[in-house]
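Listed below are the residues making up each chain.
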Amino acid sequence: MRQINLTQPAVNSAQCLPSLTKQEITDRECKGLVLEVRRSGGKTYYLRYTNYRGKQRQYRIGNATVLTLYQARHIARLTLNQIATGHDPSEEKAALKQVPTFGQFIDEQYLPHVKTYKRSWTTDVSYLKNHLLPRFANRYMDQITRQDILKMHRERSTTGAAGSANRLLIMMRFIFNLAMRWEVPGIKANPCAAVPLLEENNKRERYLSSDEARVLYESVCKSDNQMLKYIIPMLILTGARKREVLDAKWEDFDLERRLWRIPTTKLGKPRHVPISDGVLSLLGSAPRVYAVDHVFANPATGKPYVTFYVSWNTARIRAGMPEVRIHDLRHSFASLLINNGRSLYEVQKILGHTQVKTTQRYAHLAPQTLLDASNAATLAVGAVMGVMPNRASA
């Protein structure tokens, strides 16, 4: 290795000895600056230094046919200043090489993880395939910024419903939270943080009254599907999700303790639902076939229904309620509990919600219940003010 006071003409004319594949020239003026000259004619500036752990390192500054000697010395001195404050550019550069692209993270870490517990992981695949991967697949995770997320959210809201845009935002937020939890290289903050959800005004509220529930039950009892008259009441009486009911096994019901254990829920964790008198009666009337484990199995196969949409659709139309969805039965269960004086906490525990704000959406109060609550103030102080409530509405 030669050591000289490099000049720009010396750099321009430097050549590698024919007997060598490459040759290094050290600059006396700038500590650690090395010019590498190769037999092929290529020339590269490097900086050699000792990092804060006493390790010898080499950092590539750049192509000597592009950078001038003055520029190389300037970069070398700035880098040495960073090294003096505890930074190691070689380690930082190596760390950057470990940062996965969004597509790599999804394929290698995210999907394998959610498939182990999330029953709706196929929905994630759909959102990824149709919306997120076309936009971010080839971007490195640390290159996705808050502005990118805002743009994605805004553009989706202009072409689809606010709820669809929000689902993409929630999914991206979850993906980056996992990346931070798993200490994925390069991910130090969540770009979705502080990006607000759009207000959703399209959330339908449909709750069955007691009379509607009776009419609907009479209709399902007329169905050609023999199990529909058990499935629909079970949904209304427990507030359980459709798949939870269809997959229920006899062994899941502890009739002595009056508890139904749902082994795998939407969140991937088991939960317990109390067995009411109505559910106990329903289970007692449901047909029990030898060697069939599932309570509401398809009689033709002995296995859980994949879908019962046709028979359900026929029954709801016959009942005059074509707009009622299966999930509305869960809404109705929560509404019936609230209107009968049960607390949000109790409803939250039965429905298996992790957050009470989720339960609040279901906690519909009938107009009469709200009127009764409002009249409580009149009953308390109305006489003092010379007014009293109408006894018919009180």
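Residues numbered from 1 in each chain as written. Predicted model: local features only at pLDDT ≥ 70, side-chain atom pairs only at ≥ 80, totals over all residues. Heavy atoms only, no water.

Draft legend 1. Region of interest: the overall build of the protein. A tally of helices and strands in the protein yields 16 helices and eight strands. With 394 residues in all, the protein has 38% of them scored as buried. Long-range pairs, those at least 24 residues apart, make up 54% of the contacts in the protein between residues at least 6 apart in sequence. With an accessible surface of roughly 22900 Å², the protein has 52% of that area assigned to carbon and sulfur atoms. (Helix = DSSP H or I, 4+ residues; strand = E, 2+ residues; numbered from the N terminus. Buried < 20%, exposed > 50% of the residue type's maximum accessible area, 1.4 Å probe, protein only. Contact = heavy atoms within 4.5 Å. Areas by Shrake-Rupley, 256 points an atom, 1.4 Å probe, with all protein chains shown as cover.)

Draft legend 2. Spotlight on the sheet that holds strand β4 (residues 43-50). If you walk across this open sheet you meet the five strands as β1-β2-β3-β4-β5, and the pairing is mixed. With one partner strand each, in any of the chains shown, β1 (2-4) and β5 (56-63) form the two edges of the open sheet. Averaged over all adjacent pairs, the angle separating strand axes in this sheet is 30°, with direction ignored. One ladder, built from seven bridges, connects β4 with β5; its direction is antiparallel. Residue pairing across strands places Y46 opposite R60, the latter belonging to β5. Lying over the sheet, helix α2 (residues 69-84) contacts β2 (22-27), β3 (33-38), β4 and β5, oriented at roughly 25° with respect to β4. Its contacts with the sheet place helix α3 (residues 89-97) against β4 and β5, and it is angled at close to 70° to β5. (Pairing = 2+ DSSP bridges. Axes fitted to C-alpha atoms, helices over the stretch in contact; angles between N-to-C directions.)

Draft legend 3. Structural detail: the packing of aromatic side chains. By the definition in use, this model includes four aromatic pairs. Taking the centre distance of 6.0 Å and the plane angle of 45° together, the rings of F105 and W182 count as tilted. Placement of the pair is F105 in helix α4 (residues 102-114) and W182 in the loop between α7 (162-181) and α8 (210-220), with a sequence separation of 77 residues. Judged by its relative accessible area of 31%, W182 falls in the partly exposed class. A ring pair is formed by F253 and W260, whose centres lie 5.2 Å apart and whose planes are at 15°; its orientation type is stacked. For F253, a relative accessible area of 9% translates into the label buried. Here W260 falls in the buried class, since its relative accessible area comes to 2%. R288 extends its terminal NZ or CZ atom over the ring of W250, reaching a point 4.4 Å from the ring centre. (Phe/Tyr/Trp six-rings, centres within 6.5 Å; stacked < 30°, edge-to-face > 60°. Lys NZ or Arg CZ within 6 Å of the ring centre and 35° of its normal.)

Draft legend 4. Here's a closer look at the sheet that holds strand β7 (residues 259-262). Here three strands make up an open sheet; going across it, the order is β6-β7-β8 and the pairing antiparallel. With partners counted over all chains shown, the strands left at the sheet margins are β6 (253-254) and β8 (271-274), one partner each. Pairing analysis gives four bridges linking β7 to β8, with the strands arranged antiparallel. Within the sheet, the bridge partner assigned to R261 lies in β8 and is H272.

Note that all results are geometric; they support no functional claim without further evidence.
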